[in-house]
Amino acid sequence: MRNHSVISEFILLGLSADPQIQPLLFVLFLVIYLLTLMGNLMLLLVIGFDARLHIPMYFFLRQLSFLDLCHSSVTVPKLLENLLSEKKTISVEGCLAQVFFLYASGGTESCLLAVMAYDRYVAISSPLLYAQVMNRQLCMGLVWASWSLAFLDALINILVALNLDFCEAQDIHHFCCELSSLYPLSCSDVTASFTALLCSSVLHFFGNFLMIFFSYVRILSTILRISSSTGRSKAFSTCSSHLTAVIFFYGSGFLRYLLPNSGSIRELIFSLQYSVITPMLNPLIYSLKNKEMKAAVKRMLRKYFWCFK
């Protein structure tokens, strides 16, 4: 399957056409991107070097940090480039590649959040059997399944989208490429691609969301059966960080993709929250709301400064 487009590139109109605002936006998103890199790399290092964190919960958190690095790096570098460039173009092939990696990384994160919800359910409902149930083999299998399903889903969507033709219209009212932004520009029938995208969204994202929802229903019922308030508080604290991450990821994702594609400011804000802000916030969520992570960060910093004394 090959694309027979007349045009060879698109124009990403981005966030603002005002040349005075663009340098300010460049500085803002450069800072956000650097914070995203530093925060997620810090989690990767802390979990990797601290033996006390070598348990399933932090194994999955390490995968989430790597995914956030990937998800942010798919869109932000091109956004930064276009904010400084007069020619805000991207090739048709480059655009479709960005769509693929955006969907693959986002889809994997969706699967991984569902896996982490199951992990929290096992930890709260069967604490004595937790290590036995969530063994290394199962954890590795769940992570590989998350990556494989998401990449297969993204690949199917891209293979169908390769049949789209683009003849005249080039302007994308967005800061990155998404299939929903490309449909108005196509001069061929988009029904097959739209149907594939709709089916994958329903099966993949809504399927994972339902898994998370039912996991938390079971978690809540388990917590309510705990007699002591201290025990209930401790049980809830073990999943509060994950629940916060789920709300940010799915909240901004649903608001972005359930709205009609219009290129409005509100739509761009939701897209920024989903693909740029959330990857920056996840390290803060897991560091500030997790006592073990805070203690591990302190231990690593003490060890680091001790080496330079």
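Notes on the structure follow.

Attention now moves to the nonpolar core. In terms of nonpolar packing, the biggest core is built from 43 residues, with F10, L15, F29, I172, F175, L179 and L182 touching the most fellow members. Those elements that place two or more of their residues in this core are β1 (9-12), α1 (22-49), α2 (56-84), α3 (92-125), α5 (136-161), α6 (179-182) and α9 (265-288). With eight residues, the top contributor of residues to this core is α3. Listed in part, the 41 residues of the second largest apolar core include I47, L67, I219 and F249.

What follows concerns the layout of surface pockets. Where empty space is left becomes clear once a probe the size of a water molecule has been rolled over the atoms. Taken as a whole, the second largest pocket holds about 530 Å³ of empty space. Lining the second largest pocket we find 19 residues, and of these M57, R120, K234, T238 and E292 sit closest to its centre. Of all the secondary-structure elements, those providing two or more residues to the lining of the second largest pocket are α2, α3, α8 (229-258) and α10 (291-307). With seven residues, the single largest contributor to the lining of the second largest pocket is α8. Counted by class, the lining of the second largest pocket contains nine nonpolar, five polar and five charged residues.

Next up on the list: a positive patch on the surface. Side chains of K291, K294, K298 and R302 sit close together on the surface and give a patch of like positive charge. Examined against the element boundaries, K294 turns out to sit in helix α10.

A few words on the packing of aromatic side chains. Counted by the stated rule, this structure contains eleven aromatic pairs. Centre to centre, the rings of F66 and W147 are 6.1 Å apart; their planes meet at 50°, and the pair counts as tilted. Of this pair, F66 sits in helix α2 while W147 is found in helix α5, placing the two residues 81 residues apart along the sequence. Here the aromatic residues F66, F100, F101, W147 and F151 are joined through ring pairs into a cluster of three or more.

Bringing the sheet that holds strand β3 (residues 171-172) into the picture now. In spatial order, the strands read β2-β1-β3; together these three strands make up an open sheet with mixed pairing. Both outer strands of the open sheet, β2 (89-91) and β3, are each paired with one neighbouring strand and no more. Here α3 sits on the sheet and contacts β1, β2 and β3; the angle it forms with β2, its principal contact strand, is near 85°.

In contact at an axis separation of 11 Å, α2 and α5 are set at 25° when each is read in the N-to-C sense. Taken together, the axes of α2 and α5 are roughly parallel relative to one another. Considering the relative orientation of α2 and α5, their crossing is right-handed. Here P56, F59, F60, Q63, F66 and L67 of α2 lie close against α5, whose contacting residues are C139, M140, L142, V143 and W147. Among the residues forming the contact of α2 with α5, the class breakdown is ten nonpolar, one polar and no charged.

Definitions and cut-offs
Residues numbered from 1 in each chain as written. Predicted model: local features only at pLDDT ≥ 70, side-chain atom pairs only at ≥ 80, totals over all residues. Heavy atoms only, no water. Core = buried A, V, L, I, M, F, W, Y, C linked by side-chain atoms within 4.5 Å. Buried < 20%, exposed > 50% of the residue type's maximum accessible area, 1.4 Å probe, protein only. Helix = DSSP H or I, 4+ residues; strand = E, 2+ residues; numbered from the N terminus. 1 Å grid on protein atoms, 1.4 Å probe; cavity = no way out; pocket = protein on both sides within 12 Å on 5 of 7 lines; lining within 4 Å. Points joined across faces, edges and corners; volume = space filled by probe spheres on them. Nonpolar A, V, L, I, M, F, W, Y, C, P; charged D, E, K, R; others polar. Patch = residues over 30% accessible without salt bridge, like charges linked within 9 Å, V, L, I, M, F, W, Y side chains within 5 Å. Areas by Shrake-Rupley, 256 points an atom, 1.4 Å probe, with all protein chains shown as cover. Salt bridge = Lys/Arg side-chain N within 4 Å of Asp/Glu carboxyl O. Lys, Arg positive; Asp, Glu negative; His and termini not counted. Charge placed at Lys NZ, Arg CZ, Asp CG, Glu CD. Phe/Tyr/Trp six-rings, centres within 6.5 Å; stacked < 30°, edge-to-face > 60°. Pairing = 2+ DSSP bridges. Contact = heavy atoms within 4.5 Å. Axes fitted to C-alpha atoms, helices over the stretch in contact; angles between N-to-C directions. Parallel < 35°, antiparallel > 145°, perpendicular 65-115°, else oblique. Left-handed = near helix turned anticlockwise from the far one by under 90°.

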